[in-house]
Amino acid sequence: MVSIELVGPALVRGLACPYCGRPMPLDEAGMIAAHAAWGWCGAVALESRRPVGLLLTSAATLGDPRVTVARIGAGWVADGYLGQGNGRALLYGLASGLHRARVGTVLASSDSRRGCAALPSGFLDATGFVPAHARNTWRLDLSAVVTAPKSSVLVRLGRLVQAVRPVAPPEPARRVR
C-alpha cells in the first residue's frame, strides 16, 4: 500500500530520478522558496518507507507579489508503480496541501519524453490541468477543482456564541399531582 506525504528538503535531497538518474531537486532555489512559504516542498509516495514517486514544487508569483502560485518542477513514479493511480494520488496530496496554504494555481510543464523534468500531457489533461498560453505549460485552478465546505456566517456566529457561552441544559419538568 502506497502512502502519500508532504515532505521537506531533507528527504528530497537524497533521491534520484529513476529514468534519467539526475539527483533531486532540479531547482534548489524553488524548493527552498516552497519550503519557506508552505513548510514543505513536495509530495512523496512511499511503500514500506521507500520512495516510489515524487512531485516537487516551487513557489512563484505571476505579476502580483501577493498572489502565490505553485510550479511543479519535477515528478516521477517508479516503473513498477505506474498505472496504479499513484501519480494521481501524489497530485491530489500536493493539491490538498496547496489549497490549505491558500495557493490558487498550479503550473506544470509537459513533455512527450519520459523523464522527471516535465509530466506527460495525457496525465495533466486527465487530472484537470488545462493548456496555458505558453507552449507545453499547463494550469490547474485549485479553487475550481478542490471544493471546501463553506458554512454560512450565521452558522459560524452560532458556533462562536456556543463556545463563549454554552447554553444551560433544560430543567426537568415538574410533576403535576
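Whatever comes next refers back to the structure up there.
Residues numbered from 1 in each chain as written. Predicted model: local features only at pLDDT ≥ 70, side-chain atom pairs only at ≥ 80, totals over all residues. Heavy atoms only, no water.

Chemist: How would you sum up the pattern of salt bridges? Please name residues and give values.
Modeler: Across all of its chains, the model carries two salt bridges by this definition. The salt bridge involving R49 is made with E5; its shortest N-O contact spans 3.0 Å. Of this pair, R49 sits in the loop between β2 (42-47) and β3 (50-61) while E5 sits in strand β1 (residues 3-7), placing them 44 residues apart in sequence. A salt bridge links E28 to R13, with the nearest nitrogen and oxygen atoms 2.5 Å apart. Here R13 lies in the loop between α1 (9-12) and α2 (28-38) and E28 lies in helix α2, a separation of 15 residues in the sequence. With a relative accessible area of 34%, E28 lands in the partly exposed category. (Salt bridge = Lys/Arg side-chain N within 4 Å of Asp/Glu carboxyl O. Helix = DSSP H or I, 4+ residues; strand = E, 2+ residues; numbered from the N terminus. Buried < 20%, exposed > 50% of the residue type's maximum accessible area, 1.4 Å probe, protein only.)

Chemist: Let's hear about the nonpolar core: which residues, and what values?
Modeler: Residues V12, M24, L54, I72, L98, V106 and F129 are the most contacted members of the largest nonpolar core, which totals 41 residues. The set of elements that each furnish at least two residues to this core consists of α2, β2, β3, β4 (68-77), α3 (86-100), β5 (105-109) and β7 (137-141). (Core = buried A, V, L, I, M, F, W, Y, C linked by side-chain atoms within 4.5 Å.)

Chemist: Residue-level account of the packing of aromatic side chains, with values.
Modeler: Following the criterion strictly, the structure yields one aromatic pair and no others. Measuring from ring centre to ring centre gives 5.6 Å for W38 and W40, while their planes differ by 35 degrees; the resulting arrangement is tilted. Each member of the pair, W38 as well as W40, carries the same accessibility label: buried. (Phe/Tyr/Trp six-rings, centres within 6.5 Å; stacked < 30°, edge-to-face > 60°.)

Chemist: How would you sum up the layout of surface pockets? Please name residues and give values.
Modeler: Once rolled over the atoms, a probe with the size of a water molecule shows which space is left empty. Within this model, the largest pocket holds a volume of roughly 410 Å³. Around the largest pocket, the lining is made up of 24 residues, and of these V77, L82, L119, P120 and F123 lie nearest the centre. Elements with a contribution of two residues or more to the lining of the largest pocket: β3, β4 and α3. A per-element tally of the lining of the largest pocket places α3 first, with four residues. Across the lining of the largest pocket, the residue classes tally to twelve nonpolar, eight polar and four charged. (1 Å grid on protein atoms, 1.4 Å probe; cavity = no way out; pocket = protein on both sides within 12 Å on 5 of 7 lines; lining within 4 Å. Points joined across faces, edges and corners; volume = space filled by probe spheres on them. Nonpolar A, V, L, I, M, F, W, Y, C, P; charged D, E, K, R; others polar.)

Chemist: Describe the environment of P25, and please don't skip the residues or the numbers.
Modeler: Topologically, P25 is positioned in the loop between α1 and α2. Under the relative-accessibility criterion, P25 is labelled buried at 15%. As for P25 and L15, which are separated by ten residues in sequence, their C-alpha atoms are 8.1 Å apart. Other than its neighbours up to four places away in sequence, P25 contacts V12, R13, M31 and L56. (Contact = heavy atoms within 4.5 Å.)

Remember, this is a structural readout, not a statement about activity or role.
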